[in-house]
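Fold and geometry: a report
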Amino acid sequence: MDAAAWDRRYAASEGVWGAEPNVWVAQELNGLAPGRALDLGAGEGRHAVWLAERGWQVTAVDFSAVALERGRAAAEALGVGGRIEWRVEDATCFAPEPARLDLALAAYLQLPAEGLRAALASAARGLRPGGRLLLVAHDAANPGHGTGGPKDPAVLQSPGQVAAWLRDAGLEVASAETRPRPVPGSLRPALDCVVLARAPLPPVREEALHSESIPPRV
């Protein structure tokens with residue numbers, strides 16, 4: 001679906017994804033010290049707003065102007081509009097400033113492998129040392145063993161595949177899992193691909209370690 005198709009979908013509904021954050025986003029990010037965040041494929045802004053409510057400065061990127069306008073209205077209503085920059089851009093082409101971000105989030109940015117890999121590599125370049133990247137997506141195993149989500153295997157990835165991309169982008173992978181997510185009204189859970197990675201910290205110089213081991217003169 002292109003931007004115009006998503007605009008029509010958002011315009012035809014009061015709210016496509018709801019206002020609450022995804023369970024894995026909340027689990028992995030709640031309680032972190034706030035900083036600068038990028039929300040790729042922000043949609044109607046539920047995660048951008050959730051982060052802003054917790055003190056983050058957020059850049060929310062999506063190619064649907066209709067979706068971002070809804071996010072802007074929600075943020076203003078909650079008094080956090082000043083903490084979010086709304087960017088109507090294609091997530092696969094967006095390039096953040098290098099080494100400025102404390103967090104990059106891609107939640108259900110279901111793209112073919114080439115586009116998603118490029119978007120994640122660009123986001124990785126935007127992380128400062130120690131910054132986190134969290135991907136949450138419908139898992140490649142979901143069509144056969146889970147419920148809901150897209151059925152096209154071209155836009156579904158496995159944790160191992162995403163982890164390999166992030167390592168190639170220079171990040172350290174902290175976890176890469178397929179997680180079952182309960183779905184109301186369904187006997188089967190949805191299967192989500194959840195990958196958390198970090199930009200490496202600079203190595204500690206040997207002379208710095210040596211100086212710390214020497215007690216100060218009095």
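Let me begin by describing the structure that accompanies this report. Treat the numbers as computed from the prediction; the structure is a model and nothing was measured.

Looking at the overall build of the protein
- Counting its regular elements, the protein contains eight helices and seven strands.
- Evaluated residue by residue, the protein yields a buried proportion of 42% over its 218 residues.
- The contacts of the protein with a sequence gap of at least 6 include a subset with a gap of at least 24, amounting to 69%.

Quick word on the sheet that holds strand β3 (residues 84-88)
- Strand order in this open sheet of seven strands is β3-β2-β1-β4-β5-β7-β6, and the pairing throughout is mixed. With one partner strand each, in any of the chains shown, β3 and β6 (172-181) form the two edges of the open sheet. Neighbouring strand axes in the sheet, compared pairwise and without regard to direction, differ in orientation by 15° on average.
- The pairing of strand β4 (residues 101-107) with strand β5 (residues 127-138) spans six bridges and is parallel. Across the sheet, the residue bridging to L101 is L127, located in β5.
- Across the sheet, helix α3 (residues 46-53) is in contact with β1 (36-40), β2 (57-62), β3 and β4; its angle to β3 comes to roughly 160°.

What about the pattern of salt bridges?
- Throughout the structure, instances matching the rule amount to 10 salt bridges.
- As a salt-bridge pair, R179 and E177 come within 2.7 Å of each other at their nearest N and O atoms.
- Classification of E177 by relative accessible area gives partly exposed; the value is 35%.
- Taken together, the salt bridges that share partners define one network made up of E28, E177 and R179.

Rules of the game
Residues numbered from 1 in each chain as written. Predicted model: local features only at pLDDT ≥ 70, side-chain atom pairs only at ≥ 80, totals over all residues. Heavy atoms only, no water. Helix = DSSP H or I, 4+ residues; strand = E, 2+ residues; numbered from the N terminus. Buried < 20%, exposed > 50% of the residue type's maximum accessible area, 1.4 Å probe, protein only. Contact = heavy atoms within 4.5 Å. Pairing = 2+ DSSP bridges. Axes fitted to C-alpha atoms, helices over the stretch in contact; angles between N-to-C directions. Salt bridge = Lys/Arg side-chain N within 4 Å of Asp/Glu carboxyl O.

Remember that the coordinates give geometry; whether it matters functionally is a separate question.
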